[in-house]
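Coordinates in review
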Amino acid sequence: FIEIPFYLGNCYYDQDKLDEAIGCFRASLQIQSHDPEVLMYLGTALADQGKFEEAIAYLEDAIKIESKDPELYLRLGNALMDAGKFKESIDPYLE
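Residues numbered from 1 in each chain as written. Predicted model: local features only at pLDDT ≥ 70, side-chain atom pairs only at ≥ 80, totals over all residues. Heavy atoms only, no water.

Section: the overall build of the protein chain
When its secondary structure is counted, the protein chain shows six helices and zero strands. Overall, the protein chain shows an N-to-C arrangement of helices and strands of α-α-α-α-α-α. Rg of the C-alpha trace for the protein chain: 13 Å, near the compact-globule value of 12 Å for 95 residues, within the 12% margin. Across its three principal axes, the protein chain shows a C-alpha extent of roughly 40 × 25 × 15 Å. (Helix = DSSP H or I, 4+ residues; strand = E, 2+ residues; numbered from the N terminus. Rg over C-alpha atoms; globule rule 2.2 N^0.38 Å.)

Comments concerning the packing of helix 3 (residues 36-48) against helix 5 (residues 70-82)
Taken N-terminus to C-terminus, the directions of helix 3 and helix 5 make an angle of 20°; their axes are 10 Å apart at the nearest point. Here helix 3 is positioned roughly parallel relative to helix 5, judged by the angle of their axes. When you trace helix 3 past helix 5, the crossing you get is left-handed. Taking contact as the criterion, the partners of P36, M40, Y41, T44 and A47 in helix 3 are, on helix 5, E71, L72, R75 and A79. Its residues assigned to classes, the contact of helix 3 with helix 5 comprises six nonpolar, one polar and two charged. (Axes fitted to C-alpha atoms, helices over the stretch in contact; angles between N-to-C directions. Parallel < 35°, antiparallel > 145°, perpendicular 65-115°, else oblique. Left-handed = near helix turned anticlockwise from the far one by under 90°. Contact = heavy atoms within 4.5 Å. Nonpolar A, V, L, I, M, F, W, Y, C, P; charged D, E, K, R; others polar.)

Okay, here's the thing in structure tokens:
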């Protein structure tokens, strides 16, 4: 039951219902506050809404927990690039 909000958030995300997805990912974080996958999906959904600073913070938190996952660095680099932070986006791509 713990993972229900996360999986529901993924379903909403796949349907491009970002507000609903973000709500589910936030609910999932209340249950699993240190889950890098939840942080990654929340950060990605926020970036898709143009909320880059918040997205970057969540993606950086995910990397602090799971520093060996290349997908986290890719998504952080994408969020930084989309935010117009081109110089800062280089380092995550190199990780």
